[in-house]
Amino acid sequence: MKTIVITGASDGIGAAAAKELVRRKHRVVIVGRDPDKTAAVADRLGIEHHVADFADLAQVRALAATLRERHDTIDVLANNAGGVMGERALTVDGFERTFQVNHLAPFLLTHELLPVLRDSRATVIQTSSLAARLYAKFDIADLQGEFSFDPMAAYGNAKLANILFTEELQRRHGDALSAVSFHPGVVGTNFAADSRGAIRFLYHGPLKRLLTRTPDKGADQLIWLATATPGSGFEPGAFYIDRKVAAKVNPLVGDAVTALELWERSAAMVSIDA
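Everything numeric here is computed off the predicted structure, so don't read it as measured data.

Caption draft 1: Main features of unusual backbone geometry. A positive phi angle, close to 50 degrees, is found at D242, a residue other than glycine. Tracing the backbone shows D242 in the loop between strand 7 (239-241) and strand 8 (244-245).

Caption draft 2: Expanded view of the nonpolar core. Within the largest apolar cluster, 50 residues are counted, with the highest numbers of intra-cluster contacts made by F54, L57, L109, L113, L117 and L169. Of all the secondary-structure elements, those providing two or more residues to this core are strand 2 (27-32), helix 3 (57-70), helix 4 (97-112), helix 5 (114-119), helix 7 (151-173) and helix 12 (256-269). At seven residues, the largest contribution of residues to this core is made by helix 4. Contact partners of L57, with chain neighbours within four places excluded, come to D93, F95, Q100, L104, A105, L108 and V270.

Caption draft 3: Representation of the packing of aromatic side chains within the structure. In total, this model carries four aromatic pairs according to the counting rule given. Geometrically, the ring pair formed by W224 and Y240 is edge-to-face, given 5.2 Å between the ring centres and 80 degrees between the ring planes. Taken as a pair, W224 in helix 11 (residues 220-227) and Y240 in strand 7 lie far apart in primary sequence, 16 residues in all. Per residue, the accessibility class of W224 equals that of Y240, and both read buried. Connected via pairs of aromatic rings, a cluster forms that spans F107, F165 and W263.

Caption draft 4: Broad picture of the pattern of salt bridges. Going through the model one piece at a time under the given rule, you end up with ten salt bridges. Ionic pairing is found between R24 and E20, a salt bridge with its closest N-O pair at 2.8 Å. The salt bridge involving E261 is made with R265; its shortest N-O contact spans 3.0 Å. Placement of both E261 and R265 in helix 12 is noted, with a separation of four residues, approximately one turn of the helix. Taking the relative accessible area as the measure of exposure, E261 reaches 29% and is therefore partly exposed.

Caption draft 5: Region of interest: the environment of V116. Looking at where V116 falls in the secondary structure, it is placed in helix 5. In this structure, the C-alpha to C-alpha distance between V116 and L134, residues 18 residues apart in sequence, is 35 Å. In contact with V116, other than residues within four places in its own chain, are H71, D72, T73 and I74.

Caption draft 6: Structural detail: the pairing of strand 5 (residues 123-127). Burial of strand 5 is extensive: five of the five residues sit out of reach of the surface. Here four bridges tie strand 4 (residues 76-79) to strand 5, and the two strands are oriented parallel to one another. Within strand 5, the position partnered with V76 by the bridge is T123. Looking at chain direction, strand 5 and strand 6 (residues 178-183) are connected through five bridges and run parallel. For I125, the partnering residue across the bridge sits in strand 6 and is V180.

Caption draft 7: A look at the sheet that holds strand 2. Strand order across the open sheet formed by eight strands is 3-2-1-4-5-6-7-8, with mixed pairing between neighbours. Two strands in the sheet have a free side with no partner beyond their single neighbour: strand 3 (48-51) and strand 8. For strand 6 and strand 7, the ladder comprises three bridges, and the chain directions are parallel. Note that in strand 7 the partner of S181 across the bridge is F239. Together, strand 1 (3-6), strand 2, strand 5 and strand 6 form the strand contacts of helix 1 (residues 12-23), whose direction differs from that of strand 1 by roughly 165 degrees.

Reading guide: rules and limits
Residues numbered from 1 in each chain as written. Predicted model: local features only at pLDDT ≥ 70, side-chain atom pairs only at ≥ 80, totals over all residues. Heavy atoms only, no water. Helix = DSSP H or I, 4+ residues; strand = E, 2+ residues; numbered from the N terminus. Core = buried A, V, L, I, M, F, W, Y, C linked by side-chain atoms within 4.5 Å. Buried < 20%, exposed > 50% of the residue type's maximum accessible area, 1.4 Å probe, protein only. Contact = heavy atoms within 4.5 Å. Phe/Tyr/Trp six-rings, centres within 6.5 Å; stacked < 30°, edge-to-face > 60°. Salt bridge = Lys/Arg side-chain N within 4 Å of Asp/Glu carboxyl O. Pairing = 2+ DSSP bridges. Axes fitted to C-alpha atoms, helices over the stretch in contact; angles between N-to-C directions.

All quantities given are derived from atomic positions and should not be read as evidence of function.
Okay, here's the thing in structure tokens:
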């Protein structure tokens, strides 16, 4: 039985994965932003839950402290929280919201949990997206979108950051943990509810049922990666689509120089040692 922490689990693929992993007798801990929805999922499954808004890094630090206090072992950390945030806005921490919620907050959470993750020889999973290839216009000198901002480009940039973070985490800590990222598919959930344009039409328009997959289907890879054996079950450091290492990716995937610079800039933003 594994201890598995899943963020962004108040609905969608996080909740679906939690349900199946509980059925398989794992000890699942869920994290969500909405207190009522998160508690409802946890109550149905009879599991531990925590509430944290990733747009507030103080809440991320508090979450990490609570998890460290409650769990000597964390076998899997699934950084699943994220989304398209719409127009440019700053968080209470002064960072662009899409970048913080999708990348900076899970980067901080993972760092704060590193001692227990390393001791547990954990698997760290990032829910990324095909948007990293389709929409990203990545500028390492403009991670906050101060000079040029588009909601979908910001989302694509953050999802690319998830992949680059996975690669650098594996390079730095692959002696004691396994990092991996994946694209869950276009899943029919509340995702992108605050967005507009084509992305909102895709997720919430009249063709939603034809163009999206169910949360259960979207959760398939998260469940697989959480239960598989690193090395034989999946390749640590890789980015997966439909249980296969992605063949078509953003040109920056695999760029160790960019991944290192992203890590160092992210560490400086959250005031931790790189």
